[in-house]
Amino acid sequence: MRGLGSAIWKLIEEIIKATLIIITRTLKREFNKESCDAVIQFVKFGIVGVSNNVAFYFCYVVWLLAFRRFGIFEVNGYLVAQAIAFLISMLWSFYWNYKVVFLCQEGDKRSVIKSFIKMFLSYAFTGLLLNSILSILWVRILHLSEFISPIINLFISVPINFVINKLWVFK
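One structure accompanies this document, and this report is about it. (Residues numbered from 1 in each chain as written. Predicted model: local features only at pLDDT ≥ 70, side-chain atom pairs only at ≥ 80, totals over all residues. Heavy atoms only, no water.)

### Here's the deal with the packing of helix α1 (residues 4-26) against helix α2 (residues 33-70)
The description of two helices packed together rests on the angle between their axes and the distance between the axes.
At step 1: At a minimum axis distance of 10 Å, the contact between α1 and α2 shows a crossing angle of 125°. When the axes of α1 and α2 are compared, the pair comes out oblique. Crossing hand, α1 versus α2: right-handed. Contact residues: W9, I12, E13, I16, K17 and L20 in α1; C36, V39, I40, V43, K44, I47 and V48 in α2.
At step 2: Residues that form the contact of α1 with α2 fall into these classes: 10 nonpolar, no polar and 3 charged. (Axes fitted to C-alpha atoms, helices over the stretch in contact; angles between N-to-C directions. Helix = DSSP H or I, 4+ residues; strand = E, 2+ residues; numbered from the N terminus. Parallel < 35°, antiparallel > 145°, perpendicular 65-115°, else oblique. Left-handed = near helix turned anticlockwise from the far one by under 90°. Contact = heavy atoms within 4.5 Å. Nonpolar A, V, L, I, M, F, W, Y, C, P; charged D, E, K, R; others polar.)

### A word on the packing of aromatic side chains
At step 1: Scanning the entire structure with this criterion turns up 16 aromatic pairs.
At step 2: When the ring of F102 is compared with that of F170, the centres are 5.1 Å apart and the planes differ by 10°; the resulting orientation is stacked. With F102 in the loop between α3 (77-101) and α4 (112-141) and F170 in the segment after α5 (149-169), the pair connects residues that are 68 residues apart, well separated along the chain. Of the two residues, F102 and F170, neither departs from the other in class, the shared state being buried.
At step 3: Counting every residue linked through ring pairs, the aromatic cluster contains F42, F45, F94, Y98, F102, F116, F162 and F170.
At step 4: When the ring centre of F70 is taken as origin, the NZ or CZ atom of R69, which lies over that ring, is 5.6 Å away.
At step 5: A cation sits over an aromatic face here: R110 above Y98, 4.2 Å from the ring centre. (Phe/Tyr/Trp six-rings, centres within 6.5 Å; stacked < 30°, edge-to-face > 60°. Buried < 20%, exposed > 50% of the residue type's maximum accessible area, 1.4 Å probe, protein only. Lys NZ or Arg CZ within 6 Å of the ring centre and 35° of its normal.)

Following this line, the structure appears as structure tokens:
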């Protein structure tokens, strides 16, 4: 990443560092570089995640409207749109996580294809399996709103995705 993109991510890092310094001084705590780097990485992961959800929803709506406009997949268009949006958002997420969040250490090498396959598997687990199970729990068992359940799921799936990506996908 060069130019404006690098400058923006650098600015975000500096804002996070300044915020952490203020918080730790206020709490009269010390914050070492390793902890600071971990927080920065998690915040970047969150930013990529938010942009990923926006990209997913945008793609979903565009494809769903296109299917309706042209009379394609009239019964299951929402499922096809969801599958297409999932794949596009996976590519989006992979690119930004690979290039910005989980950087390869100097001298280390990793396979792009191997990392992508691992990420696809981890997102299939958390994005499809875990979120489906949790949604059934929230909606059918605890009788929470179908519109709230995906938001609750984020509080569980995002930290799990972060750990899986950090310790397995981008190693």
